Amino acid sequence: MTEHILRTIWVYSESNPLLFTRFAFWIFLTVVLAGYAIVYRNFTLRHLWLFLASIFFYYKSGGFFFILLLISIVTDYTAGIRIAATNRKSVKHLWVWISLLVNLGLLGYFKYTGLFVEWLNHLPGINITASNWLAGYSNKLLHTHFDINNILLPVGISFYTFQTISYTLDVYRGKTEPVRRFTDFAFYVSFFPQLVAGPIVRAAQFIPQLKQKFRLSKDEFGHALFLILTGLFKKMVIADMLARTIVDKVFDQPSAYTALENLFAWYGYGLQIFSDFSGYTDIAIGVALLFGFRIPVNFNAPYKAVSLTDFWRRWHISLSSWLRDYLYIPLGGNRKGSVRSWINIMITMLLGGLWHGASIRFLIWGGLHGAGLVLEKIFFRIVPSLRTSRRKGRWFFRILVFHWVTFLWLFFRAGDMQTVRAMIYSVANNWNPLTIPEILKYYAGVIALLFIGYFFHWLSAQWQENLRGWFLKTPIWLKFFVAIVFVILLFQIKDTGFRPFIYFRF
Amino acid sequence: MMKPFRVFLFFLLLILGVTGIFLLMPDDGVQLYSFRIRNPVRLWIQSNFSGHLHRLTPAKPLFRDTIPVIQADALRVTRKESFKDSLMKFVPSVEYPDHVAEQWRSLLHYYAGLKGMNKTSHILHYGDSQIEGDRITSVLRDSLQRWFGGGGPGLFLPVMTVPVTSTIRISADNTWRKEAVDLINAREHLLPPVGIFLEHCIFPGEEQGHAFFRVTVQHFALPLAGKINRFRIFYYGDPQECILTVESGKNRQSFPLSPNPSLKQITGNLRGFQGTVNFDMDAEERISIEGVSLEGGPGILLDNIPLRGRTMVAFSKADTAFMRCMIDSLNVRLVLFQFGLNSVAGGEQGITAFEKQFRYQLGKLREICPEVLTLVVGTTDMGREGIRTDTLSERLREIQRKVAFDEGCLFWDSYRAMGGRGSAKRWYTQDPQLIRPDYVHLSMAGSRFMASMLAKALYREIISAGVSEKRIPQ
């Protein structure tokens with residue numbers, strides 16, 4: 001039994017990863033806080049402790065892929081130092097290219113090899129299979145038993161590679177100084193709250209904090225706790241329950257369900273993905289704040305957006321700003337005329353879609369968002385008076401954007417194009433008014449969940465702030481009591497198996 | 001200021017507090033009005049350390065199995081072959097008491113001779129939401145039709161709770177009304193004439209003179225589902241001047257419905273069927289449609305009759321003679337029962353009530369049609385609280401098997417077919433997933449896999465009954 005307990009604690013298990021929604025994570029956090037409380041005054045030890053804790057966290061989340069994380073860290077640390085150390089443009093370029101090749105190479109191999117091979121096999125006479133040569137070498141040298149026919153996507157690779165690329169490019173552009181100490185840089189890249197699913201933290205936002213002493217006011221602690229509790233609520237109550245009760249089963253076989261049920265699943269997924277991802281981000285920000293580090297907000301009530309452009313300023317802010325700064329603007333942005341600007345938007349959104357997954361569906365998703373943005377820009381050129389913030393029909397645009405975005409989630413969630421077609425067909429044709437009362441009664445719980453989720457989302461910022469303000473003002477013992485009751489209640493509705501955060505797959 | 005030590009202390013006390021509360025809590029939780037606060041700590045310990053802390057989980061004796069479970073045990077499948085291959089290798093056989101063997105073999109021979117006799121025979125597949133959407137029935141139907149002949153999706157109603165299945169798509173206008181046995185009982189205090197669906201669709205001709213419904217075979221349906229050359233409509237009522245118009249492709253036929261106080265059927269051909277058939281009704285009187293069947297040649301038709309939310313078929317609530325009439329018309333010789341989900345959901349009380357109801361309803365079915373055999377498909381493994389099998393589902397399976405044997409029915413153990421205890425979790429981790437995240441409902445892939453295992457078990461029975469393999473293409 002002792003051996004079993006030790007294995008459970010120290011050895012990675014694919015079916016039991018370390019997630020925010022697991023009790024084990026909070027035990028892990030407490031242990032890390034214990035060590036942090038001892039070393040926090042010494043910057044070197046502080047960063048080293050958190051780096052080691054983050055590597056362990058990554059190992060428990062994704063196994064031996066932490067080696068790839070280390071490769072990325074070493075490459076970009078070296079690149080940053082070398083770029084800053086020389087005045088020769090060719091050397092700077094070389095190191096930028098090395099950083100891009102290593103990071104995008106890793107990302108491309110693990111994420112897009114399957115898709116690339118699939119496309120190649122459509123050509124006549126070609127029939128190749130992707131092989132995981134890393135797994136092959138590991139099996140040969142280390143006697144592991146990895147499946148060489150399956151290239152698994154390392155957890156968080158899309159996030160940390162983008163983070164390290166942004167660091168190297170910022171150093172190259174002179175926007176930030178390189179990090180001199182390896183442990184500091186390693187900690188910046190691997191900091192566990194934001195490691196596996198963002199936000200993508202820019203060097204300029206985080207590196208200065210490495211030289212600051214720990215500070216956490218009581219209000220900030222209350223804010224951190226508030227974020228953690230609301231994040232858990234969004235993920236475990238809203239997102240997981242929606243997935244369990246309606247989304248997964250309807251998306252599994254849309255044709256077996258009526259149009260109304262398909263619509264519930266559709267809108268349910270819109271709420272699920274928001275609650276899941278923003279819930280994760282809230283927890284990440286809250287946990288980081290407990291250590292005195294501030295990471296940026298990643299969501300700002302995206303379904304309140306009054307235009308698609310506004311939506312992309314509110315949804316996954318760190319990714320959209322990354323794409324804007326490192327892709328859209330270098331392509332020319334809107335500085336080279338309207339048509340070129342539209343093309344740049346399409347390229348950015350297509351690649352943004354592909355970032356989410358190696359599948360034609362994500363390309364379509366990104367492409368349709370891009371098309372929507374372009375059409376919006378054309379529309380506002382024709383009717384510029386509607387561009388101002390206080391405009392008539394704001395709620396009309398809000399509803400339009402919300403429905404367009406929700407429609408596009410279909411491509412995101414459906415397992416294949418057949419499911420996309422089946423769902424659209426079901427919504428268009430499977431109306432049966434006779435069954436509506438029965439369906440409404442059967443799905444009363446789902447309707448309640450949708451109502452609660454969307455209601456809180458669309459609640460005015462003032463009301464949300466009032467709720468947060470009330471929590472901050474409560475004494476610490478009441479916060480403790482609320483947290484205990486909350487955790488006990490969360491355990492009651494917790495999913496039986498493990499349900500990873502949606503953005504872990506990216 | 002909050003120093004790191006205070007933050008650490010806060011979380012430490014939080015964890016200790018939560019753990020302490022759960023350790024002090026009774027094992028089966030605390031009842032708070034109608035809500036039970038579960039104790040996840042004990043369950044976590046059980047699911048992670050059950051091999052070591054078996055004292056916490058007293059072993060409940062399973063049925064004495066006639067074949068060893070070990071090779072099929074979900075947790076012990078070897079790496080050398082895939083999980084599904086292992087399950088397929090150890091598909092459990094259909095079980096039955098000795099005195100049923102002769103009747104069962106005769107039935108299989110009868111089915112094998114249907115093509116030669118130019119007859120059709122319907123098999124009724126009753127079940128709960130597990131069989132909804134024709135996910136399981138369609139695969140089984142395809143196998144039976146390949147072996148014994150026949151085609152078409154079988155019986156349905158113009159208005160179904162799930163109008164779109166993996167085989168057909170039904171659309172109907174708003175004129176139709178649906179009545180189920182419970183509703184009729186409450187109103188009329190008489191055992192109502194309802195057909196095998198235990199509900200029917202009413203065309204209120206006296207209010208609206210016209211109604212229609214359309215049936216389309218899905219383009220992704222299994223091939224034999226689209227092999228259709230005739231339709232049958234079972235109706236009841238006293239229609240005066242009712243005309244049924246059936247349109248399929250370029251063919252259009254009209255049939256007058258004749259008044260009759262008992263069940264009546266119309267049969268028409270659908271040669272050149274091209275995927276869709278429209279049924280239009282014009283009448284001035286009320287007509288009840290008890291079932292519509294699309295059929296293709298002599299052989300078998302397996303009718304998917306899902307009763308969502310039900311624990312059992314309520315034969316006792318229907319008029320015996322009427323039901324008998326329809327069963328005879330359909331030439332039903334075998335009925336499949338696949339229930340269990342809702343009984344388990346009802347907890348201990350549900351399980352206890354199930355046994356009583358099951359015996360009672362089987363008795364009622366025997367009253368209606370004594371010669372019909374029943375095959376009980378045992379409940380699947382259901383996961384609760386992680387890897388643990390819901391012990392209620394195990395008990396229900398035991399009850400189903402016992403009652404089936406007592407009442408002279410056949411029994412197929414889908415729990416063992418899945419891999420036994422804890423298999424729901426293993427089915428969930430397959431790619432594609434074979435069971436949905438509720439660990440209760442099979443996914444599309446899982447339904448098909450389950451049906452193919454049952455088909456394999458039936459095939460084995462057919463061969464062991466002495467039907468020549470040459471007559472039964474596998």
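Given the structure is predicted, the values throughout are model-derived calculations rather than measurements.

Enquirer: Honestly, a negative patch on the surface in this entry has me stumped. Any pointers?
Expert: Residue and element names in this part refer to chain B. Taken together, the side chains of Glu206, Glu241, Glu284 and Glu285 define an acidic patch exposed on the protein surface. Following the sequence through the fold, Glu285 ends up in the loop between β13 (276-282) and β14 (286-295). Classification of Glu285 by relative accessible area gives partly exposed; the value is 32%.

Enquirer: I tried to follow the pattern of salt bridges on my own but got confused; where do I start?
Expert: Side-chain pairs of opposite charge can arise where the charged atoms are in close proximity. All names here are of chain B. This structure, assessed with the given rule, holds 32 salt bridges over all chains. Close ionic contact of Arg232 with Glu295 constitutes a salt bridge, the shortest N to O distance being 3.1 Å. Residue Arg232 is found in strand β9 (residues 230-237), and its partner Glu295 is found in strand β14; the two are separated by 63 residues along the sequence. Neither residue differs from the other here; Arg232 and Glu295 are each classed as buried. Here Asp328 ties to Arg324 by a salt bridge, and the two come within 3.1 Å at their closest N and O atoms. Of this pair, Asp328 and Arg324 are both found in helix α8 (residues 320-329), 4 residues apart, which corresponds to roughly one turn of the helix. Of the residues examined, Arg324 reaches a relative accessible area of 25% and is grouped as partly exposed.

Enquirer: It is not clear to me how the nonpolar core should be interpreted in this structure. Could you clarify?
Expert: Within soluble globular proteins, side chains that are nonpolar tend to cluster in buried spots. In this structure, Phe25, Trp26, Leu29, Phe192, Phe291 and Tyr303 of chain A together with Phe11 of chain B are the most contacted members of the largest nonpolar core, which totals 158 residues. Residues Val194, Met281, Val292 and Ile351 of chain B belong to the second largest nonpolar core, which totals 77 residues.

Enquirer: What should I look at first to understand the interface of chain A and chain B in this one?
Expert: Size of an interface: often given as the accessible area lost when the parts come together. The partner chain B presents 55 residues to the 57 residues of chain A that form the contact. Buried area between chain A and chain B, summed over both chains or domains, comes out near 4,900 Å², and the portion from carbon and sulfur atoms is 69%. On inspection of chain A and its partner chain B, the count reaches 2 salt bridges. On the surface where chain A and chain B come into contact, there are 3 residue pairs in polar contact (both at pLDDT 80 or more). When contributions to the side of chain A that touches chain B are tallied by element, the ones reaching two or more residues are α1 (2-10), α2 (23-39), α10 (218-252), α11 (259-290), α17 (417-429), α18 (436-442) and α21 (476-493) of chain A. Ranked by residues supplied to the side of chain A that touches chain B, first place goes to α21 of chain A with 10 residues. Classifying every residue of the side of chain A that touches chain B by side-chain character gives 32 nonpolar, 13 polar and 12 charged.

Enquirer: Explain helix α3 (residues 43-62) of chain A to me, please; I cannot follow it from the model alone.
Expert: Because an α-helix packs 3.6 residues into every turn, residues spaced three or four apart end up facing the same way. Residue and element names in this part refer to chain A. In this model α3 runs 28 Å from its N-terminal to its C-terminal C-alpha over 20 residues, within 8% of the 28 Å that 1.5 Å per residue would give. With a side-chain oxygen lying 2.9 Å from the backbone nitrogen of Thr44, the N-terminal cap of α3 falls on Asn42. Immediately beyond the C-terminal end of α3, within one or two residues, lies Gly63, with a positive phi of roughly 75°.

Enquirer: Which parts of the structure should I look at to understand the packing of α11 of chain A against helix α16 (residues 394-413) of chain A?
Expert: Helix packing geometry: the angle between the two helix axes and the distance between the axes. Residues and elements named next belong to chain A. The interhelical angle for the contact between α11 and α16, taken along N-to-C directions, is 90°, at an axis separation of 9 Å. When the axis of α11 is compared with that of α16, the two are roughly perpendicular. Two secondary-structure elements touch here, α11 through Trp266, Tyr267, Tyr269, Gly270 and Ile273 and α16 through Phe402, His403, Thr406, Phe407, Trp409, Leu410, Phe412 and Arg413. For the contact of α11 with α16, a count of residues per class yields 9 nonpolar, 3 polar and 1 charged.

Enquirer: Can you walk me through the environment of Arg105 of chain B in this structure?
Expert: Residues and elements named next belong to chain B. Mapped onto the elements of the fold, Arg105 is located in helix α4 (residues 98-112). The partly exposed category is assigned to Arg105, whose relative accessible area is 33%. Sequence spacing of Arg105 and Gly466 is 361 residues, and the spatial spacing of their C-alpha atoms is 8.2 Å.

Enquirer: What am I meant to see in the side chain of His47 of chain A here?
Expert: Residues and elements named next belong to chain A. Positionally, His47 belongs in helix α3. His47 sits in the buried class, given a relative accessible area of 0%. Contacts of His47, omitting those with residues within four sequence positions, involve Thr183, Asp184, Phe187, Leu210 and Phe293.

Enquirer: Before we go on, may I ask you to explain the sheet that holds strand β10 (residues 242-248) of chain B in this structure?
Expert: The strands making up a sheet are joined through hydrogen bonds of the backbone, oriented either antiparallel or parallel. Residues and elements named next belong to chain B. The 5 strands lie next to each other as β5-β8-β13-β10-β11, forming an open sheet whose pairing is antiparallel. Each edge of the open sheet is held by one strand with a lone partner, namely β5 (168-172) and β11 (251-257). Adjacent strand axes in the sheet meet at a mean angle of 15° when their direction is disregarded. Of the strand pairs in this sheet, β10 and β13 are connected by 5 bridges, and their pairing is antiparallel.

What counts and how
- Residues numbered from 1 in each chain as written.
- Chains lettered and ligands numbered in written order.
- Predicted model: local features only at pLDDT ≥ 70, side-chain atom pairs only at ≥ 80, totals over all residues.
- Heavy atoms only, no water.
- Patch = residues over 30% accessible without salt bridge, like charges linked within 9 Å, V, L, I, M, F, W, Y side chains within 5 Å.
- Areas by Shrake-Rupley, 256 points an atom, 1.4 Å probe, with all protein chains shown as cover.
- Salt bridge = Lys/Arg side-chain N within 4 Å of Asp/Glu carboxyl O.
- Lys, Arg positive; Asp, Glu negative; His and termini not counted.
- Charge placed at Lys NZ, Arg CZ, Asp CG, Glu CD.
- Helix = DSSP H or I, 4+ residues; strand = E, 2+ residues; numbered from the N terminus.
- Buried < 20%, exposed > 50% of the residue type's maximum accessible area, 1.4 Å probe, protein only.
- Core = buried A, V, L, I, M, F, W, Y, C linked by side-chain atoms within 4.5 Å.
- Contact = heavy atoms within 4.5 Å.
- Buried area = accessible area lost by both parts, 1.4 Å probe.
- Polar contact = N/O pair within 3.5 Å; in protein donor to acceptor, adjacent residues only side chain to side chain.
- Nonpolar A, V, L, I, M, F, W, Y, C, P; charged D, E, K, R; others polar.
- Expected span 1.5 Å × (residues − 1).
- Axes fitted to C-alpha atoms, helices over the stretch in contact; angles between N-to-C directions.
- Parallel < 35°, antiparallel > 145°, perpendicular 65-115°, else oblique.
- Pairing = 2+ DSSP bridges.

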